[in-house]
Amino acid sequence: MMRKMTEADLPEVVALENRYFSMPWSEANLRESMQKEHYLFLVAEEEGMVVGYGGILWVADEGDITNIVVLESYRGLGLGTALIEALLSAGRARGITSFTLEVRMSNQVAIHTYERLGFVGEGVRKRFYEAPTEDALIMWKREPEQ
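Residues numbered from 1 in each chain as written. Predicted model: local features only at pLDDT ≥ 70, side-chain atom pairs only at ≥ 80, totals over all residues. Heavy atoms only, no water.

### Focus: the packing of aromatic side chains
Thinking step 1. Throughout the structure, instances matching the rule amount to six aromatic pairs.
Thinking step 2. Taking the centre distance of 6.4 Å and the plane angle of 35° together, the rings of F41 and Y53 count as tilted. Of this pair, F41 sits in strand β2 (residues 39–46) while Y53 sits in strand β3 (residues 49–59), and the two are 12 residues apart along the sequence. Of the two residues, F41 and Y53, neither departs from the other in class, the shared state being buried.
Thinking step 3. Each ring, one from F128 and one from Y129, has its centre 5.0 Å from the other, and the planes form 90°; the classification is edge-to-face.
Thinking step 4. On the basis of relative accessibility, which here comes to 19%, the residue Y129 falls in the buried class.
Thinking step 5. Through successive ring pairs, a cluster of aromatic residues spans W25, Y39, F41 and Y53.
Thinking step 6. R75 extends its terminal NZ or CZ atom over the ring of Y20, reaching a point 4.5 Å from the ring centre. (Phe/Tyr/Trp six-rings, centres within 6.5 Å; stacked < 30°, edge-to-face > 60°. Helix = DSSP H or I, 4+ residues; strand = E, 2+ residues; numbered from the N terminus. Buried < 20%, exposed > 50% of the residue type's maximum accessible area, 1.4 Å probe, protein only. Lys NZ or Arg CZ within 6 Å of the ring centre and 35° of its normal.)

Structure follows, in structure tokens:
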């Protein structure tokens, strides 16, 4: 089940952040961001447990996908793709036609998923990630305006 993230989800979301990201968002950062109208966070829930989540930030007329993570034991089931598609759909509903994200250059599984969804690598942010230090691939998905 996919739904909007609530404050009650924060402990499980923070656990995902801490488990999978070297520079995780804190509970305070997530709580503050989710209260702002220009952010949207969604969770994927299975059997009452948050198994993934994603976030998007609306910046002017662009959507910046800030976070996507799925619990390792639930990967390969399409949950990450479903989260991204739901975030893109929410952005389109706001009139957004350009979406961006950064991904570790070594994360080929994620890059392949983003490419399948129409994202294209358009640049590199040198030494963007820490622990370990790594470049980020900047990807964009631009849709024709309706």
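### Looking at the sheet that holds strand β4 (residues 62–70)
Thinking step 1. Read from one edge to the other, the open sheet built from seven strands follows the order β1-β2-β3-β4-β5-β7-β6, with strand pairing classed as mixed. With one partner strand each, in any of the chains shown, β1 (2–4) and β6 (120–129) form the two edges of the open sheet. Going from strand to strand, the sheet's axes swing by 25° on average, the running direction of each strand aside.
Thinking step 2. When β3 meets β4, the two strands line up antiparallel, connected through eight bridges. Within β4, the residue paired with G54 across the bridge is I68.
Thinking step 3. Running at roughly 85° to β3, helix α1 (residues 10–20) makes contact with β2, β3 and β4 of the sheet. (Pairing = 2+ DSSP bridges. Axes fitted to C-alpha atoms, helices over the stretch in contact; angles between N-to-C directions. Contact = heavy atoms within 4.5 Å.)

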